[in-house]
Amino acid sequence: MKIGVTGATGQLGRIVIEKLKAKVAAENIVALVRSPQKAAALGIEAREFDYSKPENLAAALAGIEKLLVISSNEVGQRAVQHTNVVEAAKKAGVKFITYTSLLRADTSTLSLAEEHLVTEKAIKESGITYTILRNGWYTENYTGSIGGVLAAGAVIGASGEGKISSATRADFAEAAVVVLTTAGHENKTYDLAGDEAYTMTEYAAEISRQTGKNIPYKNLTAVEYANVLVQAGLPEGVAQFLAGTQPPTEKGDLCDDTHQLSKLIGRPTTTLKEAIATALKA
Ligand SMILES: NC(=O)c1ccc[n+]([C@@H]2O[C@H](COP(=O)([O-])OP(=O)(O)OC[C@H]3O[C@@H](n4cnc5c(N)ncnc54)[C@H](OP(=O)(O)O)[C@@H]3O)[C@@H](O)[C@H]2O)c1
């Protein structure tokens with residue numbers, strides 16, 4: 001029984017492989033990646049697998065029984081790319097697919113939701129047994145720029161007092177491993193998020209507490225925020241995308257109190273306090 005993991009050379013994928021290797025023999029795990037060379041350090045078989053090359057995908061899935069599809073980071077191309085993968089899985093006789101979607105993809109006002117919904121639909125229509133992992137925001141989306149926050153002396157955003165139930169990549173990766181290695185998740189959709197919800201004001205307060213510095217949260221309008229990001233050197237498109245996530249965040253689209261992630265992984269999710277401490281040590 002082989003398990004295939006796409007996106008295995010990405011940040012989430014690498015953690016999934018590490019955790020999967022603790023549960024499944026390495027020879028039964030296959031990294032399905034754009035660059036097998038880049039996957040060499042994973043210590044498992046790596047096959048070339050580019051979502052945008054549909055002609056090669058089914059052959060690369062030979063012998064794969066369970067497949068984790070980690071969503072592509074090529075926003076705008078993902079509906080086509082993921083549909084290619086689902087069609088190839090069907091052709092190759094894959095028995096189970098699990099996919100990293102977006103928290104409440106069916107009702108979220110984040111622009112990202114649309115491509116995830118198309119993918120979910122393609123998976124359900126394929127007739128392959130599935131589990132949809134609707135992942136909320138990564139805590140690292142925030143803690144990844146903690147150095148910039150300290151340099152600027154403030155957390156900057158435009159999400160007001162919107163609450164965010166983020167979780168670390170490691171917690172989401174663990175959920176994927178649970179679904180790949182245990183029964184009872186067939187044809188289920190999980191909305192996954194951290195146990196704790198916080199605002200950007202609370203995020204800034206925790207950084208202040210841990211560093212002993214006064215780091216306030218400065219709330220801007222989405223337009224002002226995009227301008228600040230461009231001034232900081234981000235490409236215009238990225239700045240607009242990030243600014244566009246702020247109104248849905250303020251509305252609560254990244255907040256969830258159902259605790260499905262901690263139930264799935266059998267322990268509380270990593271706290272914001274721990275994630276900030278880890279980021280400050282890095
Ligand atoms: N929940 C969140 O907060 C959040 C935040 C950011 C992204 N995401 C989504 O979650 C996914 C995983 O997160 P991450 O942090 O691991 O992102 P990441 O580090 O950017 O990894 C993305 C992975 O997708 C692969 N990929 C991109 N285009 C591909 C293609 N055409 N064919 C095959 N593989 C392709 C990349 O391959 P290479 O290694 O070859 O580059 C990489 O392994 C992202 O791709 C995105 O869809 C979620």
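Computed from a prediction, not measured in an experiment: that's the story for all the values here.

A.B. asks: When you look at the overall build of the protein in this model, what are you seeing that I'm missing?
C.D. replies: A count of helices and strands for the protein gives 13 helices and nine strands. Taken against the 2.2 N^0.38 rule, which gives 19 Å for 282 residues, the C-alpha radius of gyration of the protein at 19 Å falls within 12% of a compact globule. Counting across all 282 residues of the protein, residues that qualify as buried make up 49%. Considering only intrachain contacts with a sequence separation of at least 6, the fraction spanning at least 24 residues in the protein is 77%. Computed over 29 positive and 31 negative side-chain charges, the separation of the two mean positions in the protein equals 5 Å.

A.B. asks: What is the right way to read unusual backbone geometry from this model?
C.D. replies: It is generally the case that most residues other than glycine have a negative phi and that most peptide bonds are trans. Backbone geometry at Asn187 places phi at a positive 55°, although glycine is not the residue there. Its place among the elements puts Asn187 in the loop between α7 (169-181) and β8 (188-192). Positioned with a positive phi, His259 is a non-glycine residue whose angle comes to about 55°.

A.B. asks: Even after reading the chapter, I still don't get the side chain of Arg169, so can you show me in this structure?
C.D. replies: Tracing the backbone through its elements, the reader meets Arg169 in helix α7. Summary of buried charges: Arg169 has no salt-bridge partner, and the nearest side chain of opposite charge, Glu140, is 4.4 Å away. Here the side chain of Arg169 touches Gln11 through a polar contact of 3.5 Å, side chain to side chain. Setting aside residues up to four positions removed in sequence, Arg169 forms contacts with Gln11, Leu12, Ile15, Tyr138 and Glu140.

Definitions and cut-offs
- Residues numbered from 1 in each chain as written.
- Predicted model: local features only at pLDDT ≥ 70, side-chain atom pairs only at ≥ 80, totals over all residues.
- Heavy atoms only, no water.
- Helix = DSSP H or I, 4+ residues; strand = E, 2+ residues; numbered from the N terminus.
- Rg over C-alpha atoms; globule rule 2.2 N^0.38 Å.
- Buried < 20%, exposed > 50% of the residue type's maximum accessible area, 1.4 Å probe, protein only.
- Contact = heavy atoms within 4.5 Å.
- Lys, Arg positive; Asp, Glu negative; His and termini not counted.
- Charge placed at Lys NZ, Arg CZ, Asp CG, Glu CD.
- Salt bridge = Lys/Arg side-chain N within 4 Å of Asp/Glu carboxyl O.
- Polar contact = N/O pair within 3.5 Å; in protein donor to acceptor, adjacent residues only side chain to side chain.

Taken by themselves, the reported measurements are silent on function.
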